[in-house]
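Letter by letter, the chains look like this.
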Amino acid sequence: MSAAISSLVSYGSDSDPENDSESNKSTEKEDQTHPDATAHLQPLESGHTMSLALLNAAPEVPVKEAVMTGSYLDPSLKEVAFNPTFETMFSPEFGPTNPFNNQQMAAARNMLSGYAEPAHLNDFMFEQQRRTFSTFGYALDPSVDSNQISSSSFIGAVDEAEKNKGLTVFDSGHKKPDKRKKIKGGDAEEIDNFLGPWAKYVDEKSVAKPTEEEKKELDEITAKRQKRGKIQDEAPGEEKTILHIKDMYDYQGRSYLHIPQDVGVSLRSSDAPDKCYLPKKQLHVWSGHTKGVSGIRLFPKSGHLLLSCSMDCKIKLWEVYKERRCIRTFIGHSKAVRDICFNNTGSQFLSAAYDRYLKLWDSETGKCISHFTNRKVPYCVKFNPDEDKQNLFVAGMSDKKIVQWDVRTGEVVQEYDRHLGAVNTITFVDENRRFVSTSDDKSLRVWEWDIPVDFKYIAEPSMHSMPAVTLSPNSKWLACQSMDNQILIFGAQNRFRLNKKKIFKGHMVAGYACQVDFSPDMSYVVSGDADGKLNIWDWKTTKLYHRIKAHDKVCISALWHPHETSKVITCGWDGQIKLWD
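Residues numbered from 1 in each chain as written. Predicted model: local features only at pLDDT ≥ 70, side-chain atom pairs only at ≥ 80, totals over all residues. Heavy atoms only, no water.

Per an unreviewed UniProt entry, the protein goes by the name Pre-mRNA-processing factor 17 and belongs to Takifugu rubripes. Quoted straight from UniProt, the Subcellular location (unreviewed entry) entry for the protein says "Nucleus". (UniProt positions renumbered as here; feature names shortened; annotations may be inferred.)

**Student:** Looking at this model, I keep getting lost on a nonpolar patch on the surface. Mind explaining?
**Tutor:** Where nonpolar side chains cluster on the molecular surface, the patch consists of M89, F90 and Y115 and spans about 310 Å² of accessible area. Summarising the element assignment, Y115 is placed in the loop between α3 (86–89) and α4 (123–136). (Patch = residues over 30% accessible without salt bridge, like charges linked within 9 Å, V, L, I, M, F, W, Y side chains within 5 Å. Areas by Shrake-Rupley, 256 points an atom, 1.4 Å probe, with all protein chains shown as cover. Salt bridge = Lys/Arg side-chain N within 4 Å of Asp/Glu carboxyl O. Helix = DSSP H or I, 4+ residues; strand = E, 2+ residues; numbered from the N terminus.)

**Student:** Sorry, what's going on with the sheet that holds strand β19 (residues 402–406) here?
**Tutor:** Whether parallel or antiparallel, the strands of a sheet pair through hydrogen bonds between backbone atoms. Read from one edge of the open sheet, four strands run β17-β18-β19-β20, paired in antiparallel fashion. Among the strands making up the open sheet, the edge pair consists of β17 (378–383) and β20 (411–416). Sheet twist, expressed as the mean angle between neighbouring strand axes with direction ignored, is 25°. Pairing of β17 with strand β18 (residues 392–397) involves five bridges; the strand directions are antiparallel. Within β18, the position partnered with V381 by the bridge is A395. (Pairing = 2+ DSSP bridges. Axes fitted to C-alpha atoms, helices over the stretch in contact; angles between N-to-C directions.)

**Student:** For this particular structure, what's the right way to read the UniProt feature "repeat: WD" (unreviewed entry) in the protein?
**Tutor:** Under the UniProt annotation, the feature "repeat: WD" (unreviewed entry) is placed at residues 286–320, 330–371, 416–448, 516–547 and 548–581. Here residues 516–547 is 0% helix and 56% strand, with 14 Å between the C-alpha atoms at its ends. As annotated, residues 548–581 comprises 0% helix and 53% strand, and the C-alpha atoms at either end are separated by 12 Å.

**Student:** Even after reading the chapter, I still don't get the nonpolar core, so can you show me in this structure?
**Tutor:** Within soluble globular proteins, side chains that are nonpolar generally end up buried alongside one another. Counting residues in hydrophobic clusters, the biggest one holds 20 residues, and the most contacted among them are W286, I296, L306, I569 and I577. Secondary-structure elements contributing two or more residues to this core are β9 (293–298), β33 (555–560), β34 (568–572) and β35 (576–580). Per-element accounting of this core gives the leading share, three residues, to β9. When near neighbours in sequence (up to four residues on either side) are disregarded, I577 contacts H284, V285, W286, H289, V293, I296, L306, S308, W318, I569, T570 and C571. Of all hydrophobic cores here, the second largest spans 19 residues; its members include I340, A353, W361 and C368. (Core = buried A, V, L, I, M, F, W, Y, C linked by side-chain atoms within 4.5 Å. Buried < 20%, exposed > 50% of the residue type's maximum accessible area, 1.4 Å probe, protein only. Contact = heavy atoms within 4.5 Å.)

**Student:** Whenever I open this one, the pattern of salt bridges confuses me. Can you help?
**Tutor:** Once the charged atoms of two side chains with opposite charge are near each other, the side chains can pair. As enumerated under the stated definition, the model contains 22 salt bridges in all. Between K401 and E415 there is a salt bridge, with its nearest N and O atoms 3.4 Å apart. With K401 in the loop between β18 and β19 and E415 in strand β20, this pair connects stretches of sequence that are 14 residues apart. Residue class for K401 comes out partly exposed when judged on its relative accessible area of 21%. Among the residues examined, E415 registers a relative accessible area of 33% and is labelled partly exposed. Here D581 ties to K567 by a salt bridge, and the two come within 3.5 Å at their closest N and O atoms. With D581 in the segment after β35 and K567 in the loop between β33 and β34, this pair connects stretches of sequence that are 14 residues apart. For K567, a relative accessible area of 15% puts it in the buried group. Because the salt bridges share partners, they merge into one network encompassing D430, E431, R433, R434 and E448.

**Student:** Just to check I follow, could you spell out the side chain of D386 for this structure?
**Tutor:** Of note, D386 is situated in the loop between β17 and β18. Polar contacts involving the side chain of D386 include one to the side chain of N432, which spans 3.1 Å. Setting aside residues no more than four positions away along its own chain, D386 makes contact with N344, E431 and N432. (Polar contact = N/O pair within 3.5 Å; in protein donor to acceptor, adjacent residues only side chain to side chain.)

**Student:** I would appreciate a short explanation of the sheet that holds β34 in the present structure.
**Tutor:** A sheet is described by the order of its strands in space; here four strands give the open sequence β8-β35-β34-β33, paired in antiparallel fashion. Looking along the sheet, the strands with just one partner apiece sit at the ends: β8 (282–287) and β33. Here the average twist between neighbouring strands, direction ignored, is 20°. Alignment of β8 against β35, held across five bridges, turns out to be antiparallel. In the sheet register, Q282 faces β35, and the bridge partner there is W580.

**Student:** Can you walk me through unusual backbone geometry in this structure?
**Tutor:** Note: most peptide bonds trans; most residues except glycine with negative phi. Backbone geometry places R375, a non-glycine residue, at a positive phi of 65°. Summarising the element assignment, R375 is placed in the loop between β16 (368–372) and β17. One non-glycine residue, D450, lies in positive phi territory at about 70°. Structurally, D450 can be placed in the loop between β23 (444–448) and β24 (456–458). Note on D450: relative accessible area 38%, which makes it partly exposed.

**Student:** Got a minute to help me understand the confidence of the model for the protein in this structure?
**Tutor:** Detailed reading of the predicted coordinates is not advisable wherever pLDDT falls low. Mean pLDDT over the protein: 82, with 75% of residues reaching 70 or higher. Low pLDDT (under 50) marks residues 1–21, which in the prediction has 17 contacts with non-local residues, meaning those over four places away or in another chain. Low pLDDT (under 50) marks residues 23–41, which in the prediction has seven contacts with non-local residues, meaning those over four places away or in another chain. (pLDDT = per-residue confidence, 0-100.)

**Student:** Where do I start with the packing of aromatic side chains in this structure?
**Tutor:** Two descriptors summarise a pair of aromatic rings, namely the distance from one centre to the other and the angle between the planes of the rings. One pass over the full model with this rule turns up 25 aromatic pairs. Arranged with centres 6.2 Å apart and planes meeting at 70°, the rings of F435 and W449 form a pair that is edge-to-face. Here F435 is found in strand β22 (residues 434–439), whereas its partner W449 is found in the loop between β23 and β24, with 14 residues between them in sequence. Both residues of the pair, F435 and W449, count as buried. Taken together, a centroid distance of 5.5 Å and an interplanar angle of 70° make the contact between Y512 and W573 edge-to-face. Remark: W573 occurs in the loop between β34 and β35 and Y512 occurs in the loop between β28 (498–504) and β29 (516–518); sequence separation between them is 61 residues. Given a relative accessible area of 25%, Y512 falls into the partly exposed group. Exposure remark for W573: the relative accessible area of 30% places this residue in the partly exposed category. Joined through ring pairs, the aromatic side chains of F299, F330, F342, F349 and W361 make up one cluster. Its guanidinium or amino end placed over the ring of Y379, R338 lies 4.6 Å from that ring's centre, counting from NZ or CZ. Over the aromatic face of W539 sits the side chain of K502, whose NZ or CZ is 4.7 Å from the ring centroid. (Phe/Tyr/Trp six-rings, centres within 6.5 Å; stacked < 30°, edge-to-face > 60°. Lys NZ or Arg CZ within 6 Å of the ring centre and 35° of its normal.)

Given below as structure tokens:
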């Protein structure tokens, strides 16, 4: 409340003039010292009396917000009719501003114009109301309390909101109209019978139909595709064996696996000829396969037996010395056999075929011990040469993987999956701690045993695929048959560098995996070619020394006997295996 106090002071005209002069003098002095203090007490010029100004003893004191914005900001209000400044919004409700306030103590600004509070509306609610408005024409007013929804709580088509009782598109089960019902015919179930917009212009008589011969051919193609799809369900072929000699055991009870001592040559693993010579004439022909021979392997250490696999789905075991008979035939694959491999003792061997099966055989009895498959075609197979790992073997598959199996459990124990193409060869190096693989991706990779990441990758733009690789007798070199009609030599120790001084040329092998081999004394390199010829190079000079017409078709493999000075065994796609001396 404000209170006004009024007072009127009159001075008499009969007063003492001396006293008046003294008082006037004192007043003048006071006026000179404090002119503002007595300004309201100055007499009026018109008379001897004056009226004092009205004073407000309790004036209205404006608050800070009213001074700054021109209006009072009530903190209890939920809506503000003007745009207050940032400082106004965060000024104290009562009392003066804190003089010691600094920027750190003030409210944080989260945008250029100040501070914006987060809106408590999630994305789903917003999208729900947006779709409801676009579909029905109404939406819920966001400023209305959700607990007090009425007909006035909606904006837009309020009548429609009352009709639908405020349901949203999610609550009402509203769906977009099925466009298929617009098809001529009216019913969406007839969509399967809809022939397209041009159906009415097509004459059934003019439509091309396959003839009976074409229909028959199409049925055959369809049947083949269906059969190919069911190949995974096929069971492995029935295994059986045929013994071609009269007695499996000699008078001492020894089988044909026993190393003979009366052949005139020492067949111990440590004995190799000091000097090798060029073979010049044909000594013997083993014939028994009805189709091309795809690979040959000598019995480990001694080499007195020869194992061959063929495209006629059979595997045969032959004598190398004496009568050179066919000892046993192993039958069990339904398609061509691609690769074979003995274990260290020769008592068992593995076979890999295009029927997607790998089979483990007993060399002596001919019994199939077990079979393995991962539904892919195996291109090569190798036992681990370590004596304590004879239960493990690896196979290069058509699906770019190298798969490692355990013979005892029949399960896959490791997969080496880094190649970009079908794996063609696997060769163990560095005392069997590592192995080298080549692939259709034109690369050479080196792996640590049981570690599925290659630690060495060799690939250059000039390189070609190398489908046949052989380790030298001294374990220092890898001879790789390259598809550009060359034999490349890589170091088999440490860095696996290409030896550019050792490149063997002069034969044609493009498109064929012709196996390469060394003479036991490292004097010569031998290889077949696509013309059926046996090629022999000098290791030191890389000069092509000798060429023999060995087979009528592709000479796919050539092996130099490890204990003979000049005996080479070749096989070809003409179905024959030949011994040269």
